[in-house]
Amino acid sequence: MITAADDPAKPARKVRVAENDFTLFAGPAYPDHVMRQHRAFPRQASILLLWLAAGCYEGAGGGADGGTADDGADGGSGDDGSSDPYCEADTKPGALTHFVRLTHAQYDNSVRDLLGVDDHPSSAFLGDTSVNGFSNNADQLAVPDRLARDYRRAAEQIAAGILATPANLATIVGCDPAPDAVGCAETFIDTFGRRAFRRPLTDAERAAFLSIYQGGDGMYESGSAFEQGIAMVIEAFLQSPSFLYRVELSSPAAGSELVALDGWEVAARLSYMLWNSTPDDALLAAAEAGELATPEGIEAQARRLLADGRAADPVQDFHAQWLHMDKYPNIQKDPMVFPGYDPASPASMAAETMEFFRRTILEQQGTYADLMTSRTTYVDATLASIYGIEGDFGDTLTPVELDPATRSGFLTQPGFLASNAYLVETSPIHRGVFIQRQVLCTEIPDPPPGVDLQLPPADDTIKTTRQRVTHHTSPEQCAPCHAQINEPGFAFEGYDAVGAIRTLDNGEPVDTNASFANPDGGTLTASNAVGLIEQLADSPTAQRCYLTQWFRYASARVETDVDTCTLDGLHEAMTEGGYDVQEMLVALTQTVSFRYRAAQEVE
Amino acid sequence: MFRRNFLRGACGAAVALPVLESLMPRRASAGGTTPAPRRFIAFACCNGVEITRFWPTSPYGALAASGLAGTALEPLSGHVGKMLIPRGIHTVPRGFGFDPVAGCDHVKGVGHRLTAQQLDPGTMFAQGISLDQFIASELNDGARPALNLHVGYRYEGTNGVVSYLGANAPAVGENNPWLAYQDLMGLSNLDESALMRLTARRQSVLDLVEQDFARLKSIDLSKADRDKLDMHLTAIRDLETDLGDAGLIPCTLDDARAAEIQAMSGMPFDSDAQYKAVGQMQMDIIALAMACGANHAATLMWGSEAGGPVFTWDGMSHQYNHHKLSHGNTADDCSGGAVDGYLDMLFDIDRWYATQLAYLCDRLDSYTEGSGTVLDNCSVVWMNNLSDGKAHHFMDMPYVMMGGCGGALKTGQYIKVTAQDNTVNDVDAPHNKLLATIANAVGVTDDAGAPVTSFGDPAYGESGVFDVLQA
C-alpha cells in the first residue's frame, strides 16, 4: 500500500523525533516465547514498581499553584534596580552558560541579515538534539564532532560566493576602496564587526582583523587585493566564537548574585528571542545609547521587533516544536481507506498551522484563547477537501471561517489530528497524551516496559476505537494514567485519521464525551472536542503551561525552582490582560531573568 | 589533550615550504620492516536478521564455502578463508526488561553495541566511548577520531548513532560521501599554489579564532563553560590534522570514481534509491582511508534503528521498510496488518548486506600490503543490534568477522564462544569480551603496555577476551 520511502528517520534530517514519541510508537513487547525462554531472568519487577510509584496524579498539574516565593521573603528588591515586575521576592535567574551557541536557524538568519546570503547553509550541518521538546537548550548547544568542520566549510563557501560577485561585495562593504583601501577596510571591519559580534570590537580585535585583511591578498584565486582581503575577513568573522555564540561576559558586582547584562548582551537576547536572528543597527544603536539599561527601553525595542516581519520566525519555530511538527512529513494514510487523500497533504497541513500562528499572534494580536478557539484558518484545495469546504481553492492559502460547531483553533486542524493518528485509525491515546503533556504540562510517564501496544481487534461487542482503547487500558496498572489520557483523546473521536469530520466509527456512532480530572479542580466534562477546547482555552493550568513552554524557549533553558516566583507573577499579570501572546512575549523581556544572569560557580 | 602538530607560521610565501613538507606523504615510514598497521572496521546493521537462515550449516571448526550455501552468508563464499564467525554472544547490558537500565531494545541495541555501556536515561545516549573511537584515540596520530560514515537519512537521534566519542557524546556519521571524501583527502587534490593559499588562509583564521578563544577562557568560568569551549577548540584543532596523505598511498581515489562521488555533492541523502550507490561510495572511502593510513578505525552504519530503507533493487521489490518487515507488520508500531512472506524478504535483505560486506572485502583486498592485502590487516566486523528482529532478541547475536587483523585473529573458522550447549543464552559470552578481543587484536594496550583486559561498563558483561578467537 505504501511504496514511498517510508523511513521514520526521514523527517529527522532537520528536526529530531522526540524520544518520548518513539517510546510511545514503538515500545517493544517481548513475545511470550521469548519470555518463557528466559525465565531465569525475569523482567526486573523493580522497573514496573518504579513506574507505578511515579504515579499519574502526583506529578500532575505542572505547577498551576506552585506556591509563590513571596511569603516570608525578606530580600530587599528594587534597591539595586533589579526589581522584577512579576516577582516581589528577591529573585534571581536560573543558571545559564556564558556561551549560548546560535541554533542552526539562528545561524542561517544571522548570515542572511549580515551578508544577504539566504541559502540555509546549516542544512548540511550536524543537527542539534532537543531537550524538553526544544532544540535551543543552551546547555546542549555545543560544537562537538564535525560541527567545527561544517562551520569552516560554510564560512569558506560564503566568502567565496561573495568574492565571486563583486557587486554584492561592494554592497556589503559599503565604502569605496578606491581612494583609501585600507581606510575602507578599517571602516568595514568596524561596522561589520560590530554587527557580527553584536558589540564594538576591541582594539586588539580591530588590529587582528586588519592583519587578516592585509594578509588576504593572494589567498584566493581571483579578486582584487581589496576584495580578497575583505573575503578573508568575512571568513574569519564567521568562524569566531564571538559570532557563533551569544557571549555574555558581564561580571557580577562585588557580593551580588546578580549580574546585570550590558546593553549589547540585552540586544542580542532580544533579537535572538524575537527574531531568531542578529540585532539590526537600530537595536545596536539603542544598546550603545544605554536605552536597554531600563525595562522601558527594552520594552520599546521588544515592541519594535515584534512589529517586524522577522518576528514570524521564532513564533513559528516555537509552535512547530511545541506541536511536534517534525512528525508531519511522516504522516501517511492508507489510500485504500482514504482514496481521496493526497499524499502531499502534510505539507499543506504544516503550512496551514504555521500561517495560523503567525497571523493570529502577530497580525491579529491574538490571545491564548484565540489560538484555541479561533474559527479562522487558512486553506488550499487539499485542506479544503479535508475540511469539507465547498469552493474554488488553489495552491495558495486562503482565509476561511470554519463551522463553530465542529472546529476550534489549532487542535482541530488536520495537522494535529492526522499526526496523532495511525494509517487507518485515530489514536485517542496520542491525542490525549498531547493534551495532557503539551497543553496542560501534566507529567505522564511513558508506558511501562513490555506493555503490549496493540489494541484488540474489533469484534461483536468491542466495535469502535474508543471501545478498543477502553478495553485495552482497563487493567488496574494502566487505568490511572489512561483515565487522564483516554478521555481528552476520546473528545476528538469525531475526527478521523486524516482530520475530517466523522459521525461513525466502524459503523457505530462515535462517542465524543469526555470526563476527567480537571487540573484546575473538580471534573472537566465535555461532549466533544470543541467543548473541551473551549474549557482548555480558559484553563489557568493550560495558560500557565503555554507560558512555561515559551519561557523555556525564550530563555534557552528549562525553568528551575528559582523561576517559580517569576512564572507565577507573569501568569497573574497575563491572566489580567487576557493572555495576549504578544504582551506575554514583551513581558518575558521585563523580568530579572531576562535582564540579568546568575553569578556562576567558577572553577 | 592537544597533541596536534599544527601548521604554524605567518601568512604568505614564508609558510609555503614548511606547509608542503608537512603535507608530504610519509611513504617511507611504511617500507622496510615496519609491520603494517592493524585496523578495525564496524559494519553496523539495524533491525535484526532472519536468524534461522543466517548461520553456516556446517559444524563448528573449519569453514568452507559449502557451509555457507543456502544461508545469508553465501555471498561471502569467495572470502570464506578470511572469515571468522563467533557464535553464542549476547549483548550487555542485556535487552529491554532484563538489566535495569534505560532504553527500549532498539536504542539499547544501537547504543550498547560498540560501547557496552548503559544509556543515560535523560538523553538515551550511551555513557561511554565506543570501540572504534577508543581504538582511534589510542592509535591514530593526534588521537584523530575514527572515520564515521552513515548510509541513509541523516538522523541525529539515539537510533541513528552507533559511535561515541565519550559519555553522551554521540558521533553522528557523515551520510554525504562527497563531504566524507573531501575530509579524507584533505587538501591532496589541490594543485600546489591552491594548497598553499588555502592552508595559509586556514592557518591565519585559526590563529585569530584561537585568540578569541583565549580571551574568552581568560575569565573565571564554570567547569561546564570551560568544557564547552574546550570541546569546540578541540574540534577546530582536529580539522588541522584532517589532512590526508598520512600513509602508504595518496588518500585519493581515481578521477572517475571521485567524479561520481562529487556528483553527490550538495545532494544529501534523500531517497532510498541512493542507498546502494551511497553505501558503495562510503565503502570505497573507508577502504581507501584504511589503505592510505588515514585512520585505524572506521564505522559504517547502514540505515537507522526502527527504520531503514524500502528495498526495491537487486531483485527485491519490497513495499515496507526494513523495520516493518522485521516485525512482519505493515506499520512501524505493529498496529498494521501482517506482511505475507516477510521472512523471505528479510533473508533477501541479509543476503544483500552480505553482498555489500563482500564488496568492502574486495575493496580492502584490492590494496596490497606487505605479503598480503589490507583486509588481512583488518578486522571487519558485521554486527547488528538484534538477532531475531521480530522477537527483539539480544542473545545469539549475529557477528561475522572478516580479515585476520595482521594474524591476531583466526580465520576460516566457525567457533562457538559460549560454553553452553544452547547458543541462545546470556550466561557466559557477553559482547564486551568481543570488543576487548578486537581492541587487543588491533594492538591497543593499557598504559603499562599490557593487553586490554576489559571494555565497557564493568557492572555489566565480563572482563577478559575470547581466547578461542585469537590466532
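Before reading further, recall that the structure is shown in the block above.
Conventions and cut-offs
Residues numbered from 1 in each chain as written. Chains lettered and ligands numbered in written order. Predicted model: local features only at pLDDT ≥ 70, side-chain atom pairs only at ≥ 80, totals over all residues. Heavy atoms only, no water. Helix = DSSP H or I, 4+ residues; strand = E, 2+ residues; numbered from the N terminus. Expected span 1.5 Å × (residues − 1). Phe/Tyr/Trp six-rings, centres within 6.5 Å; stacked < 30°, edge-to-face > 60°. Buried < 20%, exposed > 50% of the residue type's maximum accessible area, 1.4 Å probe, protein only. Lys NZ or Arg CZ within 6 Å of the ring centre and 35° of its normal. Contact = heavy atoms within 4.5 Å. Disulfide = S-S within 2.5 Å.

In this section: helix H7 (residues 181-197) of chain A. Over its 17 residues, H7(A) runs 23 Å from end to end, which matches the ideal 24 Å to within 8%, given 1.5 Å per residue. Of the residues trailing H7(A), Arg198(A) is marked for its positive phi of about 60°.

Looking now at the packing of aromatic side chains. Counted according to the given criterion, the structure contains 43 aromatic pairs over all chains. Ring plane angle 75° and centroid distance 5.1 Å describe the contact between Phe197(A) and Phe237(A), whose orientation is recorded as edge-to-face. Of this pair, Phe197(A) sits in helix H7 while Phe237(A) sits in helix H9 (residues 225-237), and the two are 40 residues apart along the sequence. For Phe197(A), a relative accessible area of 5% translates into the label buried. Between Tyr368(A) and Tyr546(A), the aromatic rings sit 5.0 Å apart at their centres with planes inclined by 45°, giving tilted as the arrangement. You can see Tyr368(A) sitting in helix H16 (residues 368-373) and its partner Tyr546(A) sitting in helix H23 (residues 540-555), a full 178 residues away along the chain. An identical accessibility class is assigned to Tyr368(A) and Tyr546(A); each is buried. Geometry around Trp275(A) places Arg310(A) over its ring, the cationic atom sitting 3.8 Å from the centre. Note that Arg53(B) overlies the ring of Phe347(B), its terminal NZ or CZ placed 4.5 Å from the centroid.

The residue after Val92(B), namely Pro93(B), is reached through a cis peptide bond having omega -20°. Residue position: Pro93(B) is located in the loop between strand E3 (83-87) and helix H3 (105-113). Positive phi is not limited to glycine here, since Gln365(A) has a value of about 55°. Note on placement: Gln365(A) falls in the loop between helix H15 (345-363) and H16.

The next point concerns the environment of Gln117(B). All names here are of chain B. Among the secondary structure elements, Gln117 is positioned in the loop between H3 and helix H4 (131-139). On the basis of relative accessible area, Gln117 is assigned to the buried category, the value being 16%. With 340 residues separating them along the chain, Gln117 and Asp457 place their C-alpha atoms 5.0 Å apart. Sequence-distant contacts of Gln117, that is, excluding residues within four places in its chain, are made with Pro93, Gly111, His112, Gln127, Gly128, Gly456 and Asp457.

Right, let's talk about the environment of Val315(A) for a bit. Residues and elements named next belong to chain A. Relative to the helices and strands, Val315 is located in helix H14 (residues 312-322). The buried category is assigned to Val315, whose relative accessible area is 1%. Apart from residues no more than four positions distant in its own chain, Val315 is found in contact with Phe357, Ile361, Leu362, Trp550 and Leu585.

Now for the state of the cysteines. Within this structure, the stated rule accounts for three disulfides over all chains. Sulfur-sulfur distance for the disulfide between Cys175(A) and Cys184(A) comes to 2.0 Å. Where Cys175(A) bonds to Cys184(A) through sulfur, the torsion about that S-S bond is close to 95°, and the disulfide is right-handed. Residue classification places Cys184(A) among the buried positions, given a relative accessible area of 4%. Residue pairing for Cys251(B): its cysteine sulfur links by disulfide to Cys292(B), the two sulfurs lying 1.9 Å apart. Taking the torsion about the sulfur-sulfur bond, which here is approximately 85°, the covalent link between Cys251(B) and Cys292(B) counts as right-handed. Taken together, the residues span a long stretch of sequence, with Cys251(B) in the loop between helix H7 (223-240) and helix H8 (255-262) and Cys292(B) in the loop between helix H9 (275-291) and strand E7 (297-302) at a distance of 41 residues. Assigned by exposure class, Cys251(B) and Cys292(B) land together as buried. Considering cysteine sulfurs only, Cys378(B) is the nearest to Cys361(B), which forms no disulfide, with 9.2 Å between them. Cys405(B) takes part in no disulfide bond, and the closest cysteine sulfur, belonging to Cys378(B), lies 7.2 Å away.

Everything listed here is a matter of geometry and, on its own, says nothing about what the molecule does.
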